[in-house]
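So you can see what is in the structure, the chains are spelled out below.
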Amino acid sequence: MTVCMRDARWSDLSEILRWRNEPGTYANFHNRYPLSLPAMQRWLSDALADPRTTLWMAEREDKLVGVLRVDPDGAVMIIVAPEARGQGVAGSMLAHLPDRPLFAEIRETNTASHAAFATAGFCRAGSRCGMLVYRREKADEERARDLATRVMPARAVKARS
Ligand SMILES: CC(C)(COP(=O)(O)OP(=O)(O)OC[C@H]1O[C@@H](n2cnc3c(N)ncnc32)[C@H](O)[C@@H]1OP(=O)(O)O)[C@@H](O)C(=O)NCCC(=O)NCCS
């Protein structure tokens, strides 16, 4: 199944908010709490208004499955829709990252994120504010092509009690 990337738009707000406010998501962020609607509106309108910020939505079979943001300083943020996790979506999305110096801050316990960024060519480069920093100076084009087309079997996602 192919994952396609497109520019984010204002109508994506409710899906991004739903994903961002899922406990398994915000547990991995600096701000470990749900965002209010006005805060999310600010976040999205700032990103859409800044031409130096990349904000992409991932679609698979006409369904939104993830959001990927790259800030002007090279910070990368990714969320995959909870129901689409463990199926290779993050790997496919990260294969679309631009070829410039990038970094991500990842909580030590976020195993899936460590694996996804390592596979996308990022290396551990210290820590900051309780998060591990992963950096990539340059993309490996062959690996990116391979990842973009990779299909993984669905992983059983543990139900939240
Ligand atoms: C982290 C996250 C983006 C991963 O997305 P995903 O689509 O489930 O990841 P993928 O299925 O592409 O798997 C990526 C890698 O993680 C591994 N992985 C996936 N789920 C895993 C899990 N639950 N436990 C351990 N490893 C896991 C995969 O095997 C794969 O490894 P590989 O690249 O070595 O083959 C997703 O879980 C998420 O949105 N989490 C909440 C937000 C977040 O933590 N964002 C990252 C902060 S920048």
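This structure is a prediction, so every number in the text was calculated from the model and none was measured. (Residues numbered from 1 in each chain as written. Predicted model: local features only at pLDDT ≥ 70, side-chain atom pairs only at ≥ 80, totals over all residues.)

Points about the overall build of the chain
Regarding its fold elements, the chain presents six helices and seven strands. Tracing the chain from N to C terminus, the helices and strands come up as β-α-α-α-β-β-β-α-β-α-β-β-α. A fraction of 58% describes how many contacts in the chain between residues 6 or more apart in sequence connect residues 24 or more apart. (Helix = DSSP H or I, 4+ residues; strand = E, 2+ residues; numbered from the N terminus. Contact = placed C-beta atoms within 7 Å.)

A closer look at the sheet that holds strand β1 (residues 4–7)
Across the sheet, four strands lie side by side as β1-β2-β3-β4; this open sheet has antiparallel pairing. Taken across any chain shown, the strands that pair with only one partner, and hence form the sheet edges, are β1 and β4 (76–80). Across the sheet, the mean angle separating the axes of adjacent strands is 25 degrees when strand polarity is ignored. Where β1 lies against strand β2 (residues 54–60), four bridges are found, and the strand directions are antiparallel. Across the sheet, residue Asp7 finds its bridge partner in β2, namely Trp56. (Pairing = 2+ DSSP bridges. Axes fitted to C-alpha atoms, helices over the stretch in contact; angles between N-to-C directions.)

Overview of the environment of Leu17
Looking at the element boundaries, Leu17 is found in helix α1 (residues 13–20). Along the backbone, Leu17 and Ser36 are 19 residues apart, and their C-alpha atoms lie at a distance of 8.5 Å. Those residues in contact with Leu17, other than ones at most four positions away along the chain, are Leu35, Leu37 and Met40.

Details of the sheet that holds strand β6 (residues 123–128)
An order of β5-β7-β6 is seen for the three strands of this open sheet, with the pairing classed as antiparallel. Either end of the sheet is taken by a strand with one partner, and the two such strands are β5 (102–107) and β6. Each strand of the sheet is rotated relative to its neighbour by a mean of 30 degrees, with strand direction disregarded. Across four bridges, the pairing between β6 and strand β7 (residues 131–136) is antiparallel.

Here's the deal with the site of the ligand
If you check the shell around the ligand, you find 25 residues, and the closest are Asn28, Arg85, Ala90, Ala115 and Thr119. Of all the secondary-structure elements, those providing two or more residues to the shell around the ligand are α2 (23–26), β4, α4 (89–94), β5 and α5 (111–119). Element by element, the count of residues in the shell around the ligand is highest for α5, at six residues. Of the residues assigned to the shell around the ligand, the class counts are twelve nonpolar, eleven polar and two charged. (Near = placed C-beta within 6 Å. Nonpolar A, V, L, I, M, F, W, Y, C, P; charged D, E, K, R; others polar.)

Digging into unusual backbone geometry
Backbone geometry at Glu61 places phi at a positive 50 degrees, although glycine is not the residue there. Position of Glu61 among the secondary structure elements: in the loop between β2 and β3 (63–70). Accessibility expressed as a C-beta count within 10 Å gives 9 for Glu61, which makes it exposed. Residue Cys129 is not a glycine yet carries a positive backbone phi of 50 degrees. In this fold, Cys129 is placed in the loop between β6 and β7. (Buried ≥ 20, exposed ≤ 12 C-beta atoms within 10 Å, placed from the backbone.)

With respect to the confidence of the model for the chain
Mean pLDDT over the chain: 89, with 86% of residues reaching 70 or higher. Within the model, the stretch residues 151–161 combines pLDDT values under 50 with ten contacts to residues more than four positions away or in other chains. (pLDDT = per-residue confidence, 0-100.)

Overview of the nonpolar core
The tendency in soluble globular proteins is for nonpolar side chains to be buried side by side. Of all hydrophobic cores here, the largest spans 32 residues; its most connected members are Ile78, Val80, Val89, Met93, Leu94 and Phe117. Of all elements in the fold, only α1, β2, β3, β4, α4, β5 and α5 reach the threshold of two or more residues within this core. Residues contacting Val80, with those up to four places away along its chain left out, are Val65, Gly66, Arg85, Val89 and Ala90. (Core = buried A, V, L, I, M, F, W, Y, C linked by C-beta atoms within 7 Å.)

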